[in-house]
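# An overview of the molecular structure
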Amino acid sequence: MESERFSNFSFFLVLFASLLVAASCRSHSRNALFIFGGSWNDVGNNNYMETAIKANFLPYGKTFFKNATGRASNGRLVPDFIAGFAKLPLIPPYLSPDNNEFINGLNFASAGAGALTETNVGMTIGLKTQLSFFKFTKNHLNVKLGEAKTKTLLSRALYMFNIGSNDYITFATHKTTEHPSYTREEYVKTVIGNLTDAIQEIHNMGGRKFGFSNLGDVGCSPFLRALNNAKNNGSGCMDEVTILAELHNKALTKALRKLQRNLEGFKYSNFDLYAASRERINHPARYGFKEGKVACCGTGPYKGNLTGCSPKTACENANDYLFFDGVHPTEKANYQYAKLMWSGRADIVKPYNLKTLLKKI
Amino acid sequence: MAASKLTFNFLLLNFLASLRIPEISLCDRSRQPKRHVAMFIFGDSIFDAGNDNYINLSVSDRANYWPYGETFFHFPTGRFTDGRLIVDLIATKIGQPFVPPYLQPGINFTNGVNFASGGAGVFYETDPKVISLGMQLSNFKNVAISMEEQIGDKEAKKLLSQAVYATSVGANDYSYFVDNYPNATQLERDEFVNNMVGNVTDFVKELYNFGARKFAILNVGPRGCQPAVRQSEELRGDGCEEVSLQMIKKHNSATSKAIKELESKLSGFKYSILDFYTILLDMIKHPKDYGFKESRYSCCGYGMYNAAHCGIEPYTLCKNPSEYLFFDGWHPTEHGYWILADLFWNGKPSIAVPYNLRQLFDLESTPIILSEEYEVPHDE
């Protein structure tokens, strides 16, 4: 009798101990975060540039940071929340002199950036340049950690992308001088092509896990509603951009499936930002917002004028609003999007959410 | 009536206001769409981003070891400082990647190429082991030709004419001269300065012949006031090595004049002379005005002013390089370069003449007229 109790007890002890060991082993293996894209992801890189595309003044940042950081919102952005869910500190912008915490990853995103080099050229750090900075980071990791550890770090890391809206806004508002005769489909193909080139380069350098958002319902943002109003004498969303977004999102889904077939070890998560943003624009109350069409901070119709955001034109309570300025979500909206990306179900994020993606070997 | 007029004015105002938004340039002819601007970089260690890593040099002539690069890059790239150079910071300002060194394997020229080599001078004799200005020019010609082959004549000429050509050269030549000809007469010194100025001017003209139109020229710094020289001359107090300083002042003044004259002779020629000499000297004399704690001692090195052989034992490394003006015995820290880059970018008339860098990068280039070429005269 005694011996049985003892063996049961020791069994549970061993089980308990092994669980402890397993848990502590897992806690040492963090996934670094490398972030690319436009203003949706830019946490301050544009502060170091000579450009008008900046959000380094109040009321940007007012809600959470109490001061402007360069983030185009009243508080944290999606990558900030993802870092939190992944148990990482805030990932700093690459161009900041305080970019020492590189083992946790770096943020290369730049407001205004597109997949195409011509998009806002000279006023933003385009995707190719962001990639060149990532190459420097890899070299530095090799020196600091050695090649083997770097390889592991890069293969376990998550590479987040949010890019494309600036390319399509440019296309819709004036046919670019570089591609005057592109059809919509051709332009989308070029944008997607540039994106997949970047993905392949990162894969060549050891990256395996990629997190994407498709294009949100940008055509229905306050900025483009106002522009549609002024330019086309229309009311409501700028349909040209909506059409482009839908084409892009279809092509992105296809391209990611293809990459999964062709690139060894490539795994991804694709968040349907289009559906999530459209839902919130049309039914703000369901998601805790009072206003889904008008911005919190700005001037003109829908308060959509991006250059009109100042402490004087900011709303009282940003938490009531889906959009902080003409195109950028409030912190509250960013949190909701991040949560869906992290732990959302298969109807909104496919084929894995980020939490599952990071668990995979 | 009044109401609809108000509405119309409001809408018109809004439409006009929306034109200022950076993402759009609808019918605003005054705002030229920004172009991609390549940079071609020449000269010495002020601009070398790693070329010296690839040639057979002794350790003390290179910078591809710790602690060079410890700030920002966190690994040694070959830059003779703890972080980024002026040319890196300017590239970032216009949203471009750091311009790669010519000898680095696998580079492409889309953003330009960096030909600078630490130790280089105008003259080959100044240091035969490194890439002299003449060889850098040859390397550039190779790139220009392969550019034509790869992207076609028209595109290549466009890229070359819209690019900015940045140069920092001369300090090593004056070092070489005072070290090797300590008893030179005033006449011999003046002759050397004349030769230097003539060679720099010819260099610019040759680039012009290849399509270059925009030149950013750093004048020669106050070599003689750097910690390394003060240490080897054992100068105390505020003293600098005076002979080289005098020659350099004459050089800078004469070069300014000569480049200015080119403007009237060469069609479409635009330049910016950046007064590195005056600013660096002021930073040395009044470090606190610029946010430095220390301008006489180097952050990294050994000896009287901690200025010798940074990175080679025995040496000491300061805790916070951004407090220091000089990283090693010769070169500013990234913090120092940061201030210089900002001053050159925004510079008022005395710092950057006649354009500051922001203006130089923004200027529309006159397209090259393919049928005309300027011939470099043999006797000037």
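Analysis parameters
Each chain carries its own residue numbering, running from 1 in the direction its sequence is written. Just so you know, chain letters begin at A and ligand numbers begin at 1, following the order they were written in. Where local features are concerned, this predicted model is filtered to residues with pLDDT of at least 70; where side-chain atom pairs are given and counted, the filter is 80 or more; whole-chain, interface and lining totals use all residues. Excluded from the side-chain calculations are hydrogens and water; all other atoms, namely the structure's heavy atoms, are used. UniProt positions are given in the numbering used here, feature names are shortened, and annotations may be inferred rather than shown by experiment. Segments assigned H or I by DSSP are reported as helices when at least four residues long, segments assigned E as strands when at least two residues long, and all are numbered from the N terminus. Three labels apply to residues, based on accessible area from a 1.4 Å probe with only protein chains included: buried if under 20% of the type maximum, exposed if over 50%, partly exposed otherwise in between. Here a residue-residue contact requires only that any non-hydrogen atoms of the pair lie within 4.5 Å. For accessible areas, the Shrake-Rupley method is used with a probe of radius 1.4 Å. Any residue's cover is judged against the shown protein chains and nothing else. Patch membership requires over 30% relative accessible area and the absence of a salt bridge. Like charges are linked within 9 Å, and nonpolar side chains (Val, Leu, Ile, Met, Phe, Trp, Tyr) within 5 Å. We define a salt bridge as a contact between a side-chain nitrogen of Lys or Arg and a carboxyl oxygen of Asp or Glu at a distance within 4 Å. Under the convention used here, Asp and Glu are negative, Lys and Arg are positive, and both His and the chain ends fall outside the count. By convention, charge coordinates are those of NZ in Lys, CZ in Arg, CG in Asp, or CD in Glu. For two strands to pair, DSSP has to find at least two bridges joining them. The length a helix should cover is 1.5 Å for every residue beyond the first. Distance and chemistry together define a polar contact, namely a pair of N or O atoms within 3.5 Å, with one atom able to donate a hydrogen and the other to accept it when in protein, and with adjacent residues in sequence counting only for side-chain atoms on both sides.

Chain B is annotated in an unreviewed UniProt entry as GDSL esterase/lipase 4-like isoform X1 from Populus euphratica. Chain B has a UniProt comment under Sequence similarities (unreviewed entry) that states "Belongs to the 'GDSL' lipolytic enzyme family."

Under the annotation held in an unreviewed UniProt entry, chain A carries the name GDSL esterase/lipase 1-like and is attributed to Populus euphratica. Per UniProt, chain A carries the Sequence similarities (unreviewed entry) text "Belongs to the 'GDSL' lipolytic enzyme family."

## A closer look at the overall build of chain B
Within chain B, the secondary structure is distributed over 11 helices and 8 strands. Per-residue burial over chain B gives 56% buried out of 380 residues. Counting only contacts in chain B whose residues sit at least 6 apart along the sequence, the fraction spanning at least 24 positions is 70%. A total of about 16800 Å² of accessible surface is found on chain B, and carbon and sulfur atoms cover 53% of it.

## Regarding a positive patch on the surface
A surface patch of positive charge is lined by A:Arg30, A:Lys87, A:Lys339, A:Lys355 and A:Lys359. Note that A:Lys359 resides in helix H11 (residues 354–359).

## Notes on the pairing of strand S4 (residues 214–218) of chain B
All names here are of chain B. With 5 of 5 residues buried, S4 is to be regarded as a mostly interior element. Direction of pairing for strand S3 (residues 164–168) relative to S4: parallel, over a ladder of 5 bridges. Looking across to S4, one finds that Tyr165 is bridged to Phe215. When S4 meets strand S5 (residues 270–274), the two strands line up parallel, connected through 5 bridges. Within S5, the position partnered with Ile217 by the bridge is Ile273.

## Brief notes about helix H8 (residues 242–265) of chain B
All names here are of chain B. The terminal C-alpha atoms of H8, which comprises 24 residues, lie 35 Å apart, in line with the 34 Å expected from a rise of 1.5 Å per residue. Among all positions in H8, only Ser244, Leu245, Met247, Ile248, His251, Asn252, Thr255, Ala258, Ile259 and Leu262 are buried. Two to three positions downstream of the cap, the backbone nitrogen of Val243 sits 3.1 Å from a side-chain oxygen, assigning the N-cap of H8 to Glu241.

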